[in-house]
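Inside the fold
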Amino acid sequence: MTGQVTAPFDGRLTPVERLTVLYDARCSLCIHVRHWLMKQRQLVPLDLVPAASEEARRRFPGLDHAETLSEITVIGDRGQIYRGTSAWIVCLWALAEHRPKAHWLATPAGLPFARASVLAAAKYRSVTAAPCGPGDEACQVPDLEG
């Protein structure tokens, strides 16, 4: 499923005007990337919402929220869903200084580099994050608003 993009198609092309990035608020790398994204000049506004949080569940009731904790997920304002490699690329595409790089990463020549970056981030996450079990309080999504 890495790199999957889904969106309803009604025969018209509609521009993306806003993206919601669901990130793992328990992951130090994800939090670092969240802060980095917030500091960048955005051509498309990014809403950064903790994955599986009450806010994420309220905004996207039909989404598999457990899956969003295992793989970066970005949702467009027209219902587009980007996961894995495509999610990373669309995040870069939303940024003024990184849009040209995103266009290149989406090409057959650039896609292997994008996939390698996503795999490296996943590997880092797997060795730095504590394993979670059902009902484990350490695995609860922290309240970043409070």
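Scroll up to find the structure this text is about.
Cut-offs applied
- Residues numbered from 1 in each chain as written.
- Predicted model: local features only at pLDDT ≥ 70, side-chain atom pairs only at ≥ 80, totals over all residues.
- Heavy atoms only, no water.
- Buried < 20%, exposed > 50% of the residue type's maximum accessible area, 1.4 Å probe, protein only.
- Helix = DSSP H or I, 4+ residues; strand = E, 2+ residues; numbered from the N terminus.
- Pairing = 2+ DSSP bridges.
- Right-handed = clockwise from strand over helix to strand, strands pointing away.
- 1 Å grid on protein atoms, 1.4 Å probe; cavity = no way out; pocket = protein on both sides within 12 Å on 5 of 7 lines; lining within 4 Å.
- Points joined across faces, edges and corners; volume = space filled by probe spheres on them.
- Nonpolar A, V, L, I, M, F, W, Y, C, P; charged D, E, K, R; others polar.

Describing the pairing of strand 2 (residues 19-23)
Regular strands place side chains that alternate from one sheet face to the opposite one. Burial within strand 2 is extensive, with five of its five residues counted as buried. Burial of strand 2 is two-sided: the residues Leu19, Val21 and Tyr23 facing one way and the residues Thr20 and Leu22 facing the other way are all buried. As defined by bridge partners, strand 2 adjoins strand 3 (residues 46-50) across five bridges and the pair is classed as parallel. By the bridge assignment for strand 3, tyrosine 23 is matched with proline 50. A crossover connection joins strand 2 to the parallel strand 3 through helix 1 (residues 28-39); in handedness this β-α-β unit is right-handed. When strand 2 meets strand 4 (residues 73-76), the two strands line up antiparallel, connected through four bridges. In the strand pairing of strand 4, threonine 20 is matched with isoleucine 75.

Notes on the layout of surface pockets
Its volume calculated, the largest pocket comes out at about 650 Å³. The wall of the largest pocket is formed by 32 residues, among which Ile72, Trp88, Ser117, Val118 and Ala121 lie closest to the centre. The set of elements that each furnish at least two residues to the lining of the largest pocket consists of strand 2, helix 1, helix 3 (65-70), helix 4 (85-93) and helix 6 (111-128). Top element by residues in the lining of the largest pocket is helix 6. It accounts for eight residues. Tallied by class, residues from the lining of the largest pocket come to 22 nonpolar, six polar and four charged.

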